[in-house]
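Residue-level structural notes
The primary structure of each chain is shown beneath.
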Amino acid sequence: MSTLRWQAAARATGLLAPDGTVAATIFAEMSALAARTGAINLGQGFPDVDGPEYIKEAAIAAIREGRNQYPPGDGIPELRHAVADHQKRHYGLDVDPDTEVLVTTGATEALAATILALVSPGDEVITLEPFYDAHAACIAMAGGTHVTVPLVAAGPENPEGSFRLDVAALRAAASPRTRLILLNTPHNPTGTVLDRAELEAIAQVARERDALVLTDEVYEHLVFDGAVHVPIATLPGMAERTLTVSSSGKTFSFTGWKIGWVHGPADLVTAVRTIKQFLTYVSGAPFQPAIARALADDDAPRALAASLAFRRDLLVEGLEKAGFGVSIPQGTYFVVADGGPLGFPDGVDLCRRLPELAGVVAVPVTAFCTPGSPTAEALRSRIRLTFVKRDEVLREASARLAGLTP
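Residues numbered from 1 in each chain as written. Predicted model: local features only at pLDDT ≥ 70, side-chain atom pairs only at ≥ 80, totals over all residues. Heavy atoms only, no water.

**Observations regarding the environment of E129**
- Inspection of the secondary structure assignment puts E129 in strand β3 (residues 124–129).
- Take E129: its relative accessible area is 2%, and that puts it in the buried class.
- The sequence separation of E129 and L183 amounts to 54 residues, and the corresponding C-alpha distance is 10.0 Å.
- Residues within four places of E129 in sequence aside, it is in contact with T148, V149, P150, L151, F368, C369, T370, S373 and T375.
- In terms of polar contacts, E129 uses its side chain to reach the backbone amide nitrogen of T370, at 2.8 Å. (Helix = DSSP H or I, 4+ residues; strand = E, 2+ residues; numbered from the N terminus. Buried < 20%, exposed > 50% of the residue type's maximum accessible area, 1.4 Å probe, protein only. Contact = heavy atoms within 4.5 Å. Polar contact = N/O pair within 3.5 Å; in protein donor to acceptor, adjacent residues only side chain to side chain.)

In structure tokens:
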């Protein structure tokens, strides 16, 4: 019997059991555990406060003005122009809002529609590992072959940093069958911000293999300590082969609105639009004008990044005092902690016990890896926690973690 697409997606994410049943994701399991035990949920990455009030008011005004029916299939003109203006203002990219921008139902739909549009059965798609779980699922649904390249944690091979790209592994992984290189920077779950040298190495591979690049940049404004986000589309020869994805959810703390976008060469965006129109068609009519207004505001993302840097430091300090090894993130709102120094060699086991042991919920980093891969084994003892919570929540979580013992 042939494998159905849902089975391929479940298998790619480690959820398909031998008997054909599908398990709940570790994220759902941990969130349910938090609800059942009353533990502080630092596993799921969503803010516990809303973004700026004026953005909410703009959406309310749009509802009252009757902007509640289907918006244009590409997204409203105001938002497409706002995306193009944002890319020009921040990165010097010239983007045609009429032919090179597509509004989507969050970044996840943009990624899914792009992969389904551009990847054929047998094509290879390279991703970083760890990877956002939807990457593997979408590649499997498209019939592609998922090839991973590790981000290497601090250690003998990477003594001076936290997580860095294994460039040699990237070059070895690329082949004549490489159709797409899928990036995520700033990176979930590690918090790595790929530097220019790493991006130039990726760009060289893409040009040599005539591969397309799909880059997930939803955390583009949430970087710390002087780290600089460099869109790969700004590098020589890359704009014509790159589709760039971002969204409003992380930048403005409205994750439930699901307003995302993708931009790139007109012919590639047309291909993505062809798939997207048969997924959600359109969505978020009254939210689109609110996000168009928000994208003109550069102060809100800067304020959020500064606040997150402070909250990151709160959680990192608490984890270090508890005895965890900690990789300091350069971006996003996640931190990776190593339970090995505390005598917890298995992150999955630790996460399942953590609510009882310390009243805190996290997720294992292996949930972002191919089951049984060398990277999964290398990161087996690590867990991911979010710091996009209120200061008082993080202080309480740190106090609880301080009493953790094996």
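**Observations regarding the sheet that holds strand β11 (residues 334–338)**
- Taken in spatial order, the four strands line up as β10-β11-β14-β13 in an open sheet, and their pairing is antiparallel. Edge positions in the sheet fall to β10 (325–327) and β13 (363–364), since each has one partner strand and no second.
- In this sheet, strand β14 (residues 382–386) lies alongside β13 in antiparallel orientation, the contact comprising two bridges. Looking across to β14, one finds that P364 is bridged to I383.
- Lying over the sheet, helix α12 (residues 299–322) contacts β10, β11 and β14, oriented at roughly 5 degrees with respect to β11. (Pairing = 2+ DSSP bridges. Axes fitted to C-alpha atoms, helices over the stretch in contact; angles between N-to-C directions.)

**A word on unusual backbone geometry**
- Cis geometry is adopted by the peptide bond preceding P186, which originates at T185 and carries an omega value of -10 degrees.
- Take P186: it is sitting in the loop between β6 (178–184) and α8 (196–209).
- With an omega of 20 degrees, the peptide bond running from N188 to P189 counts as cis.
- Its identity is not glycine, yet D210 carries a phi of approximately 50 degrees, on the positive side.
- Inspection of the secondary structure assignment puts D210 in the loop between α8 and β7 (212–216).
- Judged by its relative accessible area of 56%, D210 is exposed.
- Non-glycine residue D225 carries a positive phi angle of around 60 degrees.
- Inspection of the secondary structure assignment puts D225 in the loop between β7 and β8 (242–247).

**Some details on the nonpolar core**
- I115, L319, F324, L354, I383 and L385 are the most contacted members of the largest nonpolar core, which totals 67 residues.
- Setting aside anything within four residues of it in sequence, one finds L319 in contact with F324, V326, V335, A337, L385 and L401.
- Formed by 28 residues, the second largest nonpolar core is a distinct cluster that contains L151, L194, I202 and A206. (Core = buried A, V, L, I, M, F, W, Y, C linked by side-chain atoms within 4.5 Å.)

Treat this as a map of the structure, not an account of what it does.
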